[in-house]
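Each chain is listed here by its residues.
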Amino acid sequence: MKPASTKQINYAKKIAKILNIELPQEETAYTYWQFINKHQIDYKYAVANDFNETYGEEMGQCYCEGWFC
């Protein structure tokens, strides 16, 4: 099987850290592809929420549906 790319591994590590989950045991491209596809929406949501909680009030703005309002 083809090994996971450096790009896949780095992105998966970010996802695992933010979501506090384990990385896949097997370091194949397919396994990492599955992991990324399964968790990337939750990762993006968590990053957006963290941004909103950290900077939203400070900037006097709210973060709604992906747009500043």
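Structure: see above.
Keep in mind the model is a prediction, meaning the values are calculated, not measured.

Draft legend 1. Layout of the overall build of the chain. Check the secondary structure of the chain and you find 2 helices and 2 strands. Mapped from its N terminus to its C terminus, the chain presents α and β elements in the order α-α-β-β. Out of the 69 residues in the chain, the part that is buried amounts to 23%. The contacts in the chain between residues at least 6 apart in sequence include a share of 45% that link residues at least 24 apart.

Draft legend 2. Layout of the environment of T28. Inspection of the secondary structure assignment puts T28 in the loop between α1 (6-19) and α2 (29-56). Sequence-wise, T28 and K2 are 26 residues apart; in three dimensions their C-alpha atoms are separated by 5.7 Å. Setting aside anything within four residues of it in sequence, one finds T28 in contact with M1, K2, P3 and A4. Among the polar contacts made by the side chain of T28, one reaches the side chain of T31 at a distance of 2.7 Å.

Cut-offs and rules
- Residues numbered from 1 in each chain as written.
- Predicted model: local features only at pLDDT ≥ 70, side-chain atom pairs only at ≥ 80, totals over all residues.
- Heavy atoms only, no water.
- Helix = DSSP H or I, 4+ residues; strand = E, 2+ residues; numbered from the N terminus.
- Buried < 20%, exposed > 50% of the residue type's maximum accessible area, 1.4 Å probe, protein only.
- Contact = heavy atoms within 4.5 Å.
- Polar contact = N/O pair within 3.5 Å; in protein donor to acceptor, adjacent residues only side chain to side chain.

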